[in-house]
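Read off the chains here:
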Amino acid sequence: MSTAMNFSNKSFTPRPPDKGAFPLDHFGECKAFKERFMECLRHSGYESAACRQSAKAYLECRMDRQLMANEPLEKLGFKDLINEKSEEKPEK
């Protein structure tokens, strides 16, 4: 019986999420980007691969306004879109 009551000795220590908080956009700062992404999803039959440009723009908006932690876009899966963008711009 004494072993069954041993649970009170252990304590749980909560820890924050690995990537930090993801606050809501209360002021609608990135609402237009979100709407474009959602519209793209509806038009593509909810095929997210077709809407990667919109997703990238939305995440950039959130990072610019400190609504999420700044992460390199390569880590978020947009490395190929960054390379396309730099290839399109001619060097001076």
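- In the nomenclature of an unreviewed UniProt entry, the protein corresponds to Cytochrome c oxidase assembly protein COX19 from the organism Pardalotus punctatus.
- Per UniProt, the protein has the following entry under Subcellular location (unreviewed entry): "Cytoplasm".
- Taken directly from UniProt, the Sequence similarities (unreviewed entry) text for the protein runs: "Belongs to the COX19 family."

### Regarding the state of the cysteines
Then comes step 1: Enumeration over the complete set of coordinates arrives at two disulfides.
Then comes step 2: Residue pairing for C30: its cysteine sulfur links by disulfide to C61, the two sulfurs lying 2.0 Å apart. The disulfide joining C30 to C61 has a torsion of about -95° about its S-S bond and is therefore left-handed. Taken together, the residues C30 in the segment before α1 (31-43) and C61 in helix α2 (residues 52-64) connect sequence positions 31 residues apart.
Then comes step 3: Judged by its relative accessible area of 2%, C61 is buried.

### Section: unusual backbone geometry
Then comes step 1: Although it is not a glycine, Y46 adopts a positive phi angle of roughly 60°.
Then comes step 2: As for its placement among the helices and strands, Y46 is situated in the loop between α1 and α2.
Then comes step 3: For Y46, a relative accessible area of 56% translates into the label exposed.
Then comes step 4: We note that Q66 has phi near 55°; this positive angle belongs to a residue other than glycine.
Then comes step 5: Here Q66 is to be found in the loop between α2 and α3 (79-88).

### Some remarks on α2
Then comes step 1: Taking 1.5 Å as the rise per residue, α2 with 13 residues should run 18 Å; its terminal C-alpha atoms sit 18 Å apart, in good agreement.
Then comes step 2: For α2, the set of buried residues is S54, A55, K56, Y58, L59, C61, R62 and M63.
Then comes step 3: Of the residues one or two after α2, Q66 is the one with positive phi, at around 55°.

### A closer look at the nonpolar core
Then comes step 1: Ranked by size, the top nonpolar core spans 15 residues in total, and within it C30, F37, C51, L59 and F78 carry the most contacts.
Then comes step 2: Every element with two or more residues in this core is listed here: α1 and α2.
Then comes step 3: Broken down by element, this core gets its largest block of residues, five residues, from α2.
Then comes step 4: Not counting residues within four places of it along the chain, the set of residues in contact with C30 comprises D25, Y58, C61, R62, R65 and L67.

Calculation criteria
- Residues numbered from 1 in each chain as written.
- Predicted model: local features only at pLDDT ≥ 70, side-chain atom pairs only at ≥ 80, totals over all residues.
- Heavy atoms only, no water.
- UniProt positions renumbered as here; feature names shortened; annotations may be inferred.
- Disulfide = S-S within 2.5 Å.
- Helix = DSSP H or I, 4+ residues; strand = E, 2+ residues; numbered from the N terminus.
- Buried < 20%, exposed > 50% of the residue type's maximum accessible area, 1.4 Å probe, protein only.
- Expected span 1.5 Å × (residues − 1).
- Core = buried A, V, L, I, M, F, W, Y, C linked by side-chain atoms within 4.5 Å.
- Contact = heavy atoms within 4.5 Å.

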